[in-house]
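Analysis of the macromolecular model
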Amino acid sequence: MPPADPSPDLDESINVTQAHDRVVREAAAAAREKRIADNGREPTALWLIVVCGIVAMIAGAVLGDAGRFFAYATTFRPDYVRAVPEGADATGPEPRAALAAFAARGSRIYSAQCQGCHGSDGRGGSGYPTLSGSEWVIGDTQTLAMIIINGMEGPISTGETYGVMPGQATSMSPQDLAGVMTYVRNSFGNETGDVTTIEMAANAFEISDNRDSPGAPVNAEEIRAAHAAMLPGDPLDPEILVDPISLEPVEDHESAGAGS
Amino acid sequence: MSSPNPPTTAADALLRAGIDRSLRHPVMFFLTSGAAWLAVSIILGMVSSMKMHNPTFLDGPGWLTYGRIFPAHINTFIYGWGFQAAFAAIIWLMARLSRQECRNVGTILTAGHLWNLGVSLGVLGILSGRGTGMPWMEFPLFAWPIMLLSYLAIVVWSFIQFRLRPVGHTYISQWYLLAAIIWFPWIFLTANILLHFITGHPLMAAGINAWFRSALIFLFFTPVALGAAYYLVPKVTGRPVHSYSLAMLGFWSLAAIAPWAGMQKLIGTPIPYFLPYIGAAATILFFIPAVAAAANLIKTAIADGKVMAYSPTLRFTLAGIVALVILGFAAVFLNLPGSTLRMTQFSLTGYGFDILALYAFFSFVMFGAIYFIVPRVTRREWLSTRFIRWHFYLSIYGVIAVAFVALFGGLMQGAAQENWQEPWVNAMTQAYPYVITITIAWTFVLVSNFFFFLHLLLMWLRLGRRSAHPTLLGQDDHAFSAHGPDGESNDVETPAPAH
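Along every chain, residues carry numbers that run from 1 in the direction the sequence is written. The order in which chains are written sets their letters, starting at A; the order in which ligands are written sets their numbers, starting at 1. Residue-level local features of this predicted model are given only where pLDDT is at least 70; pairs of side-chain atoms are given and counted only at 80 or more, and the full residue set underlies all totals for whole chains, interfaces and linings. Side-chain calculation: all heavy atoms of the structure are included, whereas hydrogens and water are not.

Considering the pattern of salt bridges
Inclusion rule: We define a salt bridge as a contact between a side-chain nitrogen of Lys or Arg and a carboxyl oxygen of Asp or Glu at a distance within 4 Å. Secondary structure follows DSSP: runs of H or I at least 4 residues long count as helices, runs of E at least 2 residues long count as strands, and numbering of each begins at the N terminus. Only protein chains enter the accessibility calculation, which uses a 1.4 Å probe. A residue is then buried if its area is under 20% of the maximum for its type, exposed if over 50%, and partly exposed in between.
Tallied over the entire structure, the rule returns nine salt bridges over all chains. A salt bridge links Arg105(A) to Asp176(A); the nearest nitrogen and oxygen atoms lie 3.1 Å apart. Taken together, the positions of Arg105(A) in helix H5 (residues 98-113) and Asp176(A) in helix H9 (residues 174-185) put the pair 71 residues apart, joining distant regions of the chain. Of the two residues, Arg105(A) and Asp176(A), neither departs from the other in class, the shared state being buried. When the shortest N-O distance is used, the salt bridge between Arg96(B) and Asp20(B) registers 2.8 Å. In this pair, Arg96(B) is assigned in helix H3 (residues 66-97) and Asp20(B) in helix H1 (residues 10-22), connecting sequence segments 76 residues apart. No difference in accessibility class separates Arg96(B) from Asp20(B), as the two residues are buried.

Okay, here's the thing in structure tokens:
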């Protein structure tokens, strides 16, 4: 059908049939379209309501799972501990060989308290003696313990004299002392291969307290006279598995080690 | 109770033809450049999928590494293809529904070129290693203001057309399109400002990014596709929408639920405890708007089974709507915090869900719209039934394979990842066959889109059939001559089947 009101003054030169055909062709796709009718008013199907209801209940259960949304005091305990993954024994951290565990603890203390002077490679530097191969480091453990706890003045084992080393043990626990001693005796080229145990470290503190002048730096004379000995205490197998936090041997290390 | 369909008058036909003519250039520009980006994106998707099972494939220069190819793949898909298809659908549908010709073609075309410039520079930015590393927002920082401005310059006219519409009824499609027009700047601005300028804790940034991705699907692509589907299905079948109240339920539940979704991706991380749970619950609830709309549209369509057999528009649209139902079910089953959600965090499943939403649902509805719109704006009919059929079947086989293999293979992969006593590489080994399947499936999709792009390009060059009769499926490929069926009048009044 041509446009509704054809112009009355149609130019003679226009071929009406052609013009009609053009309009028809150009508007053909638009003309064959159907109109969008009014919306239907069918009722919502019951099954749809039921299915959506079930899904809404699932979503509700998920929300319910979340606990009390903003009550952080109940959802997060203050002393948070990591959850034990499924299939793992509740043994805490994985046990390690004693030498590695003690040295790891000692390495942290070394970088905090010792590295500033003795260097990250333990070789000292201008004004500070090396720990690598030092007689008092790899020799008697009591000597090393006294120097760490009380500090040191005067000539060292090689006879050279450096400044005064202050005592380092004011905030150290026996575990820390045992760790740092094991670390320096087994690093920087030192390889004694033994572990200074917590018991030995505790004894070292006791020996230090019983000195004539507790807290004063030791000197070569006192070391050679009174402290040229190993610390008393039972030695620990360097390969035995210990808890890396408490450094205590793991009782059932056979079963605990099997999981790793 | 619906009133019978009023007949199309000549005045109607001329008005429609005028609107279509006014929008010819921007619509065809968006569709062809969108289809070109789609092809680029699928090639990048294939390459990145191939790298998953064959890490030495194209491992030379830096710009070919997975960390750049994969973001380029997904960003070209979204901003190159998805948005441009959405632009074409929005401006054409809004003009038609508001019964006004477009008077701002020049601005829209300019902005369209600007958008393409932003996307091109953004992709080059990603490939040259300047990506931001935030999924779906990887374009370097300069890109997003360009894109936002050109977005506004493109769609604001549709908004104005809606405001100036003839008084009367607002159709369902208009709700969805208007909502999408408004929602996108909101989510885009929110995400970009919170991630680039008012930055908080990096974990919350990851949460905001997850929210942005979810919102882009649920608050932009979903309403655009539903707006188009609510137009196409009644238009092609000539039947009223099944239930107005169901449509209302679908729209308002989407508006109420979708903004909450997204942060479930961060479950198990130390962000405020309720966020992942609200995200999971909202994504599960997405089932309701999805199924309400899908049931409404399917019930509208299936009353006349014959139309579905021959109309390419209806076939693509309904395939997309079926994908929406599957998407709704996937949203429920993949977001249960106790069981499945953890397995979707680092596995292929998330990708499968995205492809299901972006390709199987959104893109299919857009293809349906394209098969409807292009003959109208170019005034030529589609050239080849065979091309359309190949596009449909190869696309549907391909995307079903990509989505389902990624969804279920990803769940297996996720379960293997959860087993902390096994090395991580075992999980990838487990996913190996699925990744190979995805590569093969992308090949199907690529071939299908080669035909689609070629077909669209020919239409854009105005090489389509000059005929008053539509190209329909279910007929012999050679039934039509290049100049329309023989021996038939091409009068408008000839009762031609709906297209």
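Now that the structure has been shown, the text picks up again.
What about the confidence of the model for chain A?
Caution applies to low-pLDDT parts of the model: their predicted coordinates are not meant to be read in detail. All names here are of chain A. We apply this condition: Per residue, pLDDT captures the predictor's confidence, and it can take any value from 0 to 100. Contacts are assigned to residue pairs that have any heavy atoms within 4.5 Å of one another.
The pLDDT averaged across chain A works out to 78; a share of 76% of its residues lies at or above 70. Ranking the elements of chain A by mean pLDDT puts helix H12 (residues 253-258) last, at 46, and helix H3 (residues 46-65) first, at 91. Predicted confidence for residues 1-10 stays below pLDDT 50, and this span has ten contacts to residues more than four positions away or in other chains. When the criterion is pLDDT under 50, residues 255-260 qualifies, and its contacts beyond four places in sequence or with other chains add up to two contacts.

Section: helix H6 (residues 172-196) of chain B
Applied cut-off: To estimate how far a helix should reach, multiply one less than its number of residues by 1.5 Å.
Taking 1.5 Å as the rise per residue, H6(B) with 25 residues should run 36 Å; its terminal C-alpha atoms sit 36 Å apart, in good agreement. Burial analysis of H6(B) places 19 of its 25 residues in the buried class, which makes it a mostly covered element.

Looking at a nonpolar patch on the surface
For clarity, the cut-off: Patch rule: a residue counts if its relative accessible area is over 30% and it has no salt bridge; like charges are joined within 9 Å, and nonpolar side chains (Val, Leu, Ile, Met, Phe, Trp, Tyr) within 5 Å. For accessible areas, the Shrake-Rupley method is used with a probe of radius 1.4 Å. Any residue's cover is judged against the shown protein chains and nothing else.
A cluster of nonpolar side chains, contributed by Leu141(B), Leu189(B), Ile193(B), Leu194(B), Phe197(B) and Ile198(B), occupies part of the molecular surface with about 520 Å² of accessible area. Summarising the element assignment, Phe197(B) is placed in the loop between H6 and helix H7 (202-237).

What to know about unusual backbone geometry
For residues besides glycine, phi is generally negative; the peptide bonds are generally trans as well. With a phi close to 55°, Phe188(A) is a non-glycine residue in the positive phi region. Assignment of secondary structure puts Phe188(A) in the loop between H9 and helix H10 (198-209). With phi around 55°, Arg462(B) is a residue other than glycine that occupies positive phi space. Among the structural elements, Arg462(B) can be located in the segment after helix H15 (424-460).

Some points on the packing of helix H13 (residues 349-378) of chain B against helix H14 (residues 385-418) of chain B
All names here are of chain B. The condition that has to hold: Here, axes are lines fitted to C-alpha atoms. For helices the fit covers the stretch in contact, and angles between N-to-C directions go from 0 to 180 degrees. Our angle categories are set so that under 35 degrees counts as roughly parallel, over 145 as roughly antiparallel, 65 to 115 as roughly perpendicular, and the remainder as oblique. By the definition used in this description, the sense in which the near helix is turned from the far one sets the handedness, with an anticlockwise turn below a right angle giving left-handed and a clockwise turn giving right-handed. Nonpolar residues are Ala, Val, Leu, Ile, Met, Phe, Trp, Tyr, Cys and Pro. Charged residues are Asp, Glu, Lys and Arg, and all others, Gly as well, are polar.
Taken N-terminus to C-terminus, the directions of H13 and H14 make an angle of 160°; their axes are 7 Å apart at the nearest point. As the angle between them shows, H13 and H14 are arranged roughly antiparallel. Of the two possible hands of crossing, H13 and H14 adopt the one that is left-handed. Residues Thr349, Tyr351, Gly352, Phe353, Ile355, Leu356, Tyr359, Ala360, Phe364, Phe367 and Tyr371 of H13 form the contact with H14, whose participating residues are Ile388, His391, Phe392, Ser395, Ile396, Val399, Val402, Ala403, Ala406, Leu407, Gly410 and Leu411. Split by residue class, the contact of H13 with H14 holds 18 nonpolar, five polar and no charged.

Examining the packing of aromatic side chains
The condition is simple: Ring geometry is summarised as follows: Phe, Tyr and Trp rings, the Trp one being its six-membered ring, pair when their centres sit within 6.5 Å, and such pairs are stacked at plane angles under 30 degrees, edge-to-face over 60 and tilted between the two. Sitting over a ring, as applied to charges here, requires NZ of Lys or CZ of Arg to be within 6 Å of the ring centre and within 35 degrees of the ring normal.
According to the stated counting rule, one finds 58 aromatic pairs over all chains in the structure shown. Ring centres 5.1 Å apart and planes at 45° place the aromatic pair Tyr110(A) and Phe188(A) in the tilted group. With Tyr110(A) in helix H5 and Phe188(A) in the loop between H9 and H10, the pair connects residues that are 78 residues apart, well separated along the chain. Here the two residues Tyr110(A) and Phe188(A) agree in accessibility, since each one is buried. Here the guanidinium or amino end of Arg315(B) rests over the ring plane of Phe392(B), the centre of that ring lying 5.4 Å away.

So, the state of the cysteines
Residues and elements named next belong to chain A. Worth spelling out the cut-off: When two cysteine sulfur atoms lie within 2.5 Å, the pair is treated as a disulfide.
This model, assessed by the stated rule, comprises zero disulfides over all chains. We note that cysteine 117 lacks a disulfide partner, and the nearest cysteine sulfur, in cysteine 114, lies 8.9 Å from it. Here cysteine 117 falls in the partly exposed class, since its relative accessible area comes to 36%.

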